[in-house]
Amino acid sequence: QVQLVESGGGLVQPGGSLRLSCAASGSIFSINYMDWYRQAPGKERELVATISNGGSTNYADSVKGRFTISRDNAKNTVYLQMNSLKPEDTAVFYCRYRDPHGTYWGQGTHVTVSS
């Protein structure tokens, strides 16, 4: 089992920044991927960014150039630095951990971009 705890959400004005964190604990496998998803009100959950244990990253087109995913393997923690936030970024952000043995989700953290 793997447990995920997200933090860092909140209310921010358009153009502002936030950094989300997701700490994993439990049976962490050396080869794994950690992802950030988001779900806006009335919409389906969508993949925002992915990072492998080796540091390879991928981003949704809607966040390229504005969001940066990173990780600290020693702390089993993944981060999402979000800059130039827009009202359409408002969503619940979820962390996901996956390895050959299973997939696990965090509880989500709310991000609201509004003036």
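Look a little higher up for the structure.
Conventions used here
Residues numbered from 1 in each chain as written. Predicted model: local features only at pLDDT ≥ 70, side-chain atom pairs only at ≥ 80, totals over all residues. Heavy atoms only, no water. Phe/Tyr/Trp six-rings, centres within 6.5 Å; stacked < 30°, edge-to-face > 60°. Buried < 20%, exposed > 50% of the residue type's maximum accessible area, 1.4 Å probe, protein only. Lys NZ or Arg CZ within 6 Å of the ring centre and 35° of its normal. Pairing = 2+ DSSP bridges. Helix = DSSP H or I, 4+ residues; strand = E, 2+ residues; numbered from the N terminus. Axes fitted to C-alpha atoms, helices over the stretch in contact; angles between N-to-C directions. Salt bridge = Lys/Arg side-chain N within 4 Å of Asp/Glu carboxyl O. Contact = heavy atoms within 4.5 Å. Polar contact = N/O pair within 3.5 Å; in protein donor to acceptor, adjacent residues only side chain to side chain.

### Observations regarding the packing of aromatic side chains
Now for step 1: Tallied over the entire structure, the rule returns 3 aromatic pairs.
Now for step 2: Aromatic pair Tyr-97 and Tyr-104: ring centres 6.3 Å apart, planes at 40°, arrangement tilted.
Now for step 3: Relative accessible area serves as the criterion here: at 0%, Tyr-97 is assigned to the buried category.
Now for step 4: Cluster of aromatic residues (ring-pair linked, three or more members): Tyr-37, Tyr-94 and Trp-105.
Now for step 5: The aromatic ring of Tyr-94 is capped on one face by Arg-45, whose charged end is 3.7 Å from the ring centroid.
Now for step 6: The ring of Trp-105 has Arg-45 lying over it, and the distance from NZ or CZ to the ring centre is 4.7 Å.

### Examining the sheet that holds strand β3 (residues 18-26)
Now for step 1: The antiparallel open sheet is built from 4 strands, whose spatial order is β1-β3-β8-β7. Among the strands making up the open sheet, the edge pair consists of β1 (2-7) and β7 (67-72). Strand-to-strand twist of the sheet, defined as the mean angle between neighbouring strand axes without regard to direction, takes the value 15°.
Now for step 2: Alignment of β3 against strand β8 (residues 77-82), held across 6 bridges, turns out to be antiparallel. Bridging across to β8, Cys-22 finds its partner in Val-78.

### Looking at the pattern of salt bridges
Now for step 1: One pass over the structure, following the stated rule, counts 6 salt bridges.
Now for step 2: Between Arg-96 and Asp-35 there is a salt bridge whose closest N-O contact spans 2.8 Å. Separated by 61 residues along the polypeptide, Arg-96 in strand β9 (residues 91-99) and Asp-35 in strand β4 (residues 33-39) bring together distant segments of the chain.
Now for step 3: For Lys-64, the salt bridge goes to Asp-61, with nearest N and O atoms at 3.2 Å.
Now for step 4: On the basis of relative accessible area, Asp-61 is assigned to the exposed category, the value being 64%.
Now for step 5: Through salt bridges with shared partners, a single network forms among Arg-38, Glu-46, Arg-66 and Asp-89.

### Here we look at the environment of Thr-90
Now for step 1: Looking at the element boundaries, Thr-90 is found in the loop between β8 and β9.
Now for step 2: Separated by 14 residues in sequence, Thr-90 and Tyr-104 place their C-alpha atoms 23 Å apart.
Now for step 3: When residues no more than four places from it in sequence are discounted, the contact partners of Thr-90 are Ala-40, Pro-41, Val-111, Thr-112 and Val-113.
Now for step 4: Reaching out from Thr-90, the side chain makes a polar contact with the backbone oxygen of Pro-87 at a distance of 2.9 Å.
Now for step 5: A distance of 2.9 Å separates a polar atom in the side chain of Thr-90 from the backbone nitrogen of Val-113.

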